[in-house]
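Working through the structure, step by step
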Amino acid sequence: MKTFCGRANPTTGSLEWVEEDEDYDYHQEIARSRYADMLHDKDRNMKYYQGIRAAVSRVKGRGEKAIVLDIGTGTGLLSMMAASAGADFCYAVEVFKPMANAAVKIVEKNGFHDKIKVINKHSTEVTVGPDGDMQCRANILVTELFDTELIGEGALPTYEHAHKYLVQEGCEAVPHRATVYVQLVESKRMWSWNKLFPVHVEAEDGEKIIVSPSEMENCPGVPSVCDIQLNQMPSSDFTILSDVVTMFSVDFSKPVRSASTCYRVQLEPVKSGKAQIVLSWWDIDMDPSGTINCTMAPYWVKPTSAFQWRDHWMQCVYFLPKEEQVLQGQKVHLTACRDEYSVWYTLQKAREEDENKADARVESPVCRCQAHLLWNRPRFGELNDQNRTRQYIKSLMNVNSVCLCISDGSLLPVLAHYLGAEQVFTLENSAVSCSVMKKFFKANHLEDKIKIVEARPELLTSSHLEDKKISVLVGEPFFTTSLLPWHNLYFWYARTAVTEHLASNVTVLPQSAALHMMIVEFQVRLSFYYFFFLQNSLNFRESKEAEPHPLWEYPCKSLSNPQEVLLFDFRKTVPQHYNAMVMDFNPLPLSRKGKSHGAVLWMEYHLTADISVSTGLMQISNEKGNCEWNPHCKQAVYFFSSVIESETLADLPSAVTYAINFDTKTGEIAMDFKLL
């Protein structure tokens with residue numbers, strides 16, 4: 001049975017109907033999940049097994065049968081650990097049907113079908129009794145319901161329900177407890193992901209400063225946590241203002257309350273500075289004594305501990321509602337509030353008279369300026385990148401006459417105006433981008449200087465442009481619908497759609513774009529690549545496509561030189577009957593030994609003949625081939641279906657051959673690779 005799925009094509013902007021198999025969404029959900037990373041997390045698995053074995057032993061030592069409830073079993077791994085540790089019976093609960101089906105097969109194949117019952121339900125729907133899903137309540141509760149924020153996957157309400165209805169009072173729990181830690185820091189880099197800094201523009205008539213609306217400056221942002229690999233953040237990018245302190249802990253062996261609450265700790269700054277960021281992570285004790293511990297602490301907290309790469313559990317960055325000046329030795333209060341699924345923080349100066357008073361509830365941060373709805377955190381960082389902005393300023397120096405900007409929520413219209421454009425129009429595709437840009441122009445007293453046109457490019461009319469022809473067409477390009485680097489080629493399609501409104505000698509900026517590629521070896525494990533046990537899903541369509549990844553968080557080294565593989569000329573319209581096809585299987589020579597894990601692809605925009613902006617590789621930093629990537633953009637990674645490892649240069653495959661096809665009708669890029 002087939003089904004039709006409607007999709008907005010991010011490159012062409014058109015709505016398309018695609019025929020898919022009935023279980024297509026299941027394949028996508030499995031292929032994009034992080035099951036593989038969890039299964040390859042040796043530290044996690046070892047600690048879970050030690051904790052489960054110890055819990056079974058304690059129950060058996062009391063002369064009881066060990067009955068295990070495993071909530072969120074996934075592949076059934078933890079239930080199989082329990083069965084192999086001597087548990088009498090395990091109830092393995094998994095709500096996601098394709099995963100539950102996989103667990104049944106895996107349990108069967110490993111010979112545990114008589115010890116483990118897989119229940120394809122949400123745990124809150126599980127029944128207990130002679131005719132129920134479980135014959136009796138369990139006395140060992142095993143779960144892995146945690147995300148980077150600990151509670152974001154609904155761990156608290158799940159535990160609350162389980163203690164009420166599914167497990168015995170005084171049960172063993174693995175993990176036994178979780179503890180959340182915090183540290184106060186100052187970081188211009190991380191703060192730039194949530195606030196827009198003033199932009200300085202050197203114009204002919206003096207320096208201009210682009211400022212944010214006060215509404216944006218005072219906005220706390222969106223409530224969702226910013227989860228990143230803090231272990232890839234150099235210590236030079238932040239200043240530690242406090243010691244690490246325990247914020248709160250949860251004992252999973254006792255009844256858990258999911259109701260909203262607040263916690264408060266007192267901090268004594270170890271250094272004066274601007275408190276902007278709360279860094280947070282957690283650890284879990286697998287046993288009551290805390291001897292079996294699994295920690296997410298970053299490198300500067302436990303520098304001697306063995307580094308365990310994880311992509312499923314990282315560290316949290318929380319933005320304070322506003323930056324607060326703190327003084328060394330002058331105590332402050334940090335308050336953490338949480339609901340069932342999220343945590344947020346506020347900072348107050350400590351006062352002796354209220355040290356013992358509970359803080360009033362602090363509402364979850366909500367974006368009211370709309371900028372945080374339009375721009376995600378990497379986009380804020382990109383807009384705050386002064387080096388990048390300077391490249392656009394240099395390229396716009398000779399702009400004059402009538403200018404049209406096509407990008408979502410861009411500062412280019414303001415730059416164009418300050419640098420000499422007589423009249424500026426900006427095309428905004430959404431009500432949110434229109435609203436944000438209106439506020440922005442008003443804050444800079446430009447509401448009468450820059451006209452916002454809320455229309456799709458193909459619906460642009462002469463009246464929108466006051467019957468004027470466009471002499472300069474500009475774009476970053478950036479569009480909120482883009483996921484892969486080449487999706488921003490929407491600018492080319494938009495340029496084509498507005499051709500009738502362009503002057504014959506129009507200047508297009510950027511004038512062209514190039515797709516670049518490089519073969520790499522990842523020095524850490526990317527979960528998508530190691531998805532060994534669900535090969536059927538990997539053989540589905542996703543495995544034949546590139547996936548977006550922020551490679552500044554995932555260290556890799558180059559095995560080949562970067563190579564330009566496709567060129568797109570924005571000075572011309574999109575060809576109507578043309579496929580930009582790279583000749584089948586061109587060679588890309590390999591120059592370093594290593595494991596050829598895949599190809600990384602990115603776009604480079606040629607603003608002018610001699611000014612370019614890269615969305616990918618910034619530089620190869622040393623002779624080992626270590627790469628530095630644009631931290632504001634996701635790069636595309638195409639994982640090879642097999643890996644060739646070369647120990648010496650003599651063992652190297654001579655090249656990777658590639659075929660890349662850009663279909664101008666659909667805006668899609670198809671690719672294939674062969675290792676020679």
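All of the points below concern the structure found in this document.

Criteria and cut-off values
- In this numbering scheme, every chain counts its residues from 1 along its sequence in written order.
- The predicted nature of this model means local features are confined to residues of pLDDT at least 70 and side-chain atom pairs, given and counted, to a pLDDT of 80 or more, with totals for whole chains, interfaces and linings taken over all residues.
- Think of the side-chain values as coming from all heavy atoms in the structure, minus any hydrogens and water.
- In this description a helix means any DSSP run of H or I spanning at least four residues, a strand means any run of E spanning at least two, and both kinds are numbered starting from the N terminus.
- Think of it in three bands: with a 1.4 Å probe and only protein chains considered, a residue is buried below 20% of the maximum accessible area for its type, exposed above 50%, and partly exposed in between.
- Two strands pair under a simple rule: DSSP has to find at least two bridges between them.
- Every angle, taken between N-to-C directions, lies between 0 and 180 degrees, and every axis is a line fitted to C-alpha atoms, over only the stretch in contact when it is a helix.
- Throughout, a residue-residue contact means that at least one pair of heavy atoms, one from each residue, lies within 4.5 Å.
- Centres within 6.5 Å are what make two rings of Phe, Tyr or Trp a pair, Trp counting through its six-membered ring; a difference in plane orientation under 30 degrees is then read as stacked, over 60 as edge-to-face, and the rest as tilted.
- When two cysteine sulfur atoms lie within 2.5 Å, the pair is treated as a disulfide.
- Think of a polar contact as two N or O atoms within 3.5 Å of one another; within protein, one of them needs to be a possible hydrogen donor and the other a possible acceptor, and neighboring residues in sequence only count if both atoms come from side chains.
- Buried Ala, Val, Leu, Ile, Met, Phe, Trp, Tyr and Cys residues that are joined via side-chain atoms within 4.5 Å together make up what is termed a nonpolar core.
- Working rule for helices: expected span equals 1.5 Å times residues minus one.
- Here, a salt bridge means any side-chain nitrogen of Lys or Arg that lies within 4 Å of a carboxyl oxygen of Asp or Glu.

**Here's the deal with the environment of Met671**
Mapped onto the elements, Met671 comes out in strand β37 (residues 668-675). In sequence terms Met671 and Asn661 are ten residues apart; their C-alpha atoms lie 6.4 Å from each other.

**Let's talk about the pairing of strand β8 (residues 177-186)**
Burial of β8 is extensive: eight of the ten residues sit out of reach of the surface. Of the pairings in the sheet, the one linking β8 to strand β13 (residues 245-251) comprises six bridges and is antiparallel in character. Pairing of Arg177 across the sheet is with Asp251, part of β13. Of the strand pairs in this sheet, β8 and strand β15 (residues 273-285) are connected by nine bridges, and their pairing is antiparallel. Within β15, the position partnered with Arg177 by the bridge is Asp285.

**Comments concerning the sheet that holds strand β23 (residues 470-474)**
Strand pairs in the sheet, formed through backbone hydrogen bonds, run parallel or antiparallel to each other. Pairing within the open sheet is parallel, and its five strands lie in the order β22-β21-β20-β23-β24. Each having just a single partner strand, β22 (450-454) and β24 (502-509) make up the two edges of the open sheet. Sheet twist, expressed as the mean angle between neighbouring strand axes with direction ignored, is 25 degrees. Strand direction decides the pairing type here: strand β20 (residues 402-406) and β23, joined by three bridges, are parallel. Each bridged residue has a counterpart across the sheet, and for Cys405 the counterpart in β23 is Val474. In the packing of helix α13 (residues 431-443) onto the sheet, contacts are made with β21 (423-428) and β22, and the angle to β22 comes to roughly 170 degrees.

**Focus on the packing of aromatic side chains**
Note on aromatic pairs: each is described by the distance of the centres and the angle between the planes. Following the criterion strictly, the structure yields 25 aromatic pairs and no others. When the centroid spacing of 5.6 Å and the interplanar angle of 65 degrees are considered together, the rings of Trp309 and Tyr554 count as edge-to-face. Of this pair, Trp309 sits in the loop between β16 (293-295) and β17 (315-326) while Tyr554 sits in the loop between β26 (547-549) and β27 (556-558), and the two are 245 residues apart along the sequence. Residues Trp309 and Tyr554 agree in their burial class; the two are buried. Ring geometry for Trp602 against Trp629: centres 5.6 Å apart, planes inclined by 80 degrees, an arrangement best described as edge-to-face. Remark: Trp629 occurs in strand β34 (residues 627-629) and Trp602 occurs in strand β31 (residues 598-606); sequence separation between them is 27 residues.

**Looking at the environment of Asn218**
With respect to the helices and strands, Asn218 occurs in the loop between α8 (214-217) and β11 (226-228). Accessibility expressed as a relative area gives 61% for Asn218, which makes it exposed. When the C-alpha atoms of Asn218 and Pro321 are compared, they prove to be 7.6 Å apart, with 103 residues separating the residues in sequence.

**Here's the deal with unusual backbone geometry**
Note that the residue after Val174, namely Pro175, is joined by a cis bond; omega there is 5 degrees. Its location among the elements puts Pro175 in the loop between β7 (167-174) and β8. The peptide bond linking Glu476 to Pro477 adopts the cis configuration, its omega dihedral lying at -10 degrees. By the secondary structure assignment, Pro477 is in the loop between β23 and α14 (490-497).

**Some remarks on the state of the cysteines**
All told, the structure shown has one disulfide when counted by the stated rule. The disulfide bridge from Cys262 ends at Cys337, spanning 2.4 Å between sulfur atoms. Between Cys262 and Cys337, the S-S torsion sits near 90 degrees, and that sign places the bridge as right-handed. Placement of the pair is Cys262 in strand β14 (residues 261-267) and Cys337 in strand β18 (residues 332-338), with a sequence separation of 75 residues. Of the residues examined, Cys262 reaches a relative accessible area of 23% and is grouped as partly exposed. Unpaired in terms of disulfides, Cys367 finds its nearest cysteine sulfur in Cys369, a separation of 3.8 Å.

**Looking at the side chain of Ser192**
If you trace the backbone, Ser192 turns up in the loop between α7 (188-191) and β9 (199-203). We classify Ser192 as buried; its relative accessible area is 8%. At 2.5 Å, the side chain of Ser192 and the backbone oxygen of Arg189 are in polar contact. The residues touching Ser192, leaving out its near neighbours within four places in the chain, are Phe197, Phe380, Gly381 and Asn384.

**Here we look at the sheet that holds β7**
Taken in spatial order, the five strands line up as β5-β4-β3-β6-β7 in an open sheet, and their pairing is parallel. On the outer flanks of this sheet lie β5 (116-119) and β7, each paired with one strand and no other. On average, each strand axis in the sheet is tilted by 25 degrees relative to the strand beside it, whichever way the strands run. As paired elements, strand β3 (residues 67-71) and strand β6 (residues 138-143) share four bridges and run parallel to each other. Bridged to Ile71 within β6 is Thr143.

**Observations concerning the nonpolar core**
Among the nonpolar cores identified, the biggest contains 95 residues, and Leu69, Leu334 and Tyr345 are the most heavily contacted of them. In terms of residues, this core owes the most to one element, β15, which gives seven residues. Setting aside residues up to four positions removed in sequence, Leu334 forms contacts with Val182, Met247, Tyr263, Arg264, Val265, Leu267, Val278, Leu320, Tyr345, Thr346 and Leu347. With 94 residues, the next largest nonpolar core counts Tyr418, Val436, Phe441 and Val506 among its residues.

**Examining the side chain of His516**
Assignment of secondary structure puts His516 in strand β25 (residues 512-522). Residues in contact with His516, not counting those within four places in the same chain, are Gln563, Glu564, Val600, Leu601, Trp602 and Glu604.

**A short note on helix α5 (residues 97-109)**
For α5, spanning 13 residues, the distance from its first C-alpha to its last is 18 Å, which sits close to the expected 18 Å at 1.5 Å a residue. Phi for Gly111, located one or two positions after α5, is positive at around 80 degrees.

**Examining the pattern of salt bridges**
Applying the stated criterion across every chain yields a total of 20 salt bridges. Here Arg58 and Glu172 are joined by a salt bridge, their closest N and O atoms 2.8 Å apart. Of this pair, Arg58 sits in helix α3 (residues 42-61) while Glu172 sits in strand β7; the two residues are 114 residues apart in sequence, bridging distant segments of the chain. With relative accessibility at 25%, the residue Arg58 sits in the partly exposed group. Arg456 is the salt-bridge partner of Glu458, the closest N and O atoms lying 2.7 Å from each other. Among the residues examined, Glu458 registers a relative accessible area of 45% and is labelled partly exposed. Residue classification places Arg456 among the partly exposed positions, given a relative accessible area of 30%. Residues joined in a network through salt bridges with shared partners are Asp41, Asp43, Lys47 and Arg310.

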